[in-house]
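# Structural characterization, general
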Amino acid sequence: APRDLPETLVDKLWAIADRHSGKVPLHARLFAQWMHFVFPSECPYPHAVEDPAVLRPSHWSGQRRATATDEERKRCISEFALQPEAALGEPVLSQWDDIEVLLLED
């Protein structure tokens, strides 16, 4: 749906392009983060990883699916419930970080 983006988000997109010689890599972490702030219900927050090798398919092939325990789920839900709600229509850019991760291919 068409929407008016806050100037801060438009500036973030331009900053991503500046970092990559005028182009925005669509499969990189910063663009995914930008999409999360534009569409918070549709796009998950892309957490930074310490080792980009975990983004390779070969890293996970043959691995069992990771799941959280009931205790971990309850802890996450209670921590989320304590977070202040953002003003409607304004993304909370305090969570923005400039860590870039480009996806790797095998």
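All figures in this text were calculated on a predicted structure; none of them were measured in a lab. (Residues numbered from 1 in each chain as written. Predicted model: local features only at pLDDT ≥ 70, side-chain atom pairs only at ≥ 80, totals over all residues. Heavy atoms only, no water.)

A separate point is the packing of helix H1 (residues 7–19) against helix H2 (residues 29–38). Look at H1 against H2: their axes get within 10 Å of each other, and the N-to-C directions meet at 170 degrees. Considering the angle they form, H1 stands roughly antiparallel to H2. Seen from H1, the contacting residues are Leu9, Lys12, Leu13, Ile16 and Arg19; seen from H2, they are Leu30, Phe31, Trp34, Phe37 and Val38. Tallied by class, the residues present in the contact of H1 with H2 amount to eight nonpolar, no polar and two charged. (Axes fitted to C-alpha atoms, helices over the stretch in contact; angles between N-to-C directions. Helix = DSSP H or I, 4+ residues; strand = E, 2+ residues; numbered from the N terminus. Parallel < 35°, antiparallel > 145°, perpendicular 65-115°, else oblique. Contact = heavy atoms within 4.5 Å. Nonpolar A, V, L, I, M, F, W, Y, C, P; charged D, E, K, R; others polar.)

Let us now look at unusual backbone geometry. Here the phi dihedral of serine 21 falls at roughly 55 degrees; this positive angle occurs in a residue that is not glycine. Relative to the elements of secondary structure, serine 21 occurs in the loop between H1 and H2. Assessed through its relative accessible area of 72%, serine 21 is described here as exposed. (Buried < 20%, exposed > 50% of the residue type's maximum accessible area, 1.4 Å probe, protein only.)

Further remarks concern H1. Spanning 13 residues, H1 covers 18 Å between terminal C-alpha atoms, matching the ideal 18 Å at 1.5 Å per step. All of the buried residues in H1 are Leu9, Ile16 and Ala17. Each buried residue of H1 sits inside an arc of 100 degrees when the element is viewed along its axis, so together they form one side. For H1, the exposed residues lying more than 90 degrees away from the buried face are Glu7, Trp14 and Asp18. At its buried positions, H1 is contacted by H2. Two residues or fewer past H1, serine 21 is found with a positive phi of approximately 55 degrees. (Expected span 1.5 Å × (residues − 1). Arc of directions from axis to C-beta.)

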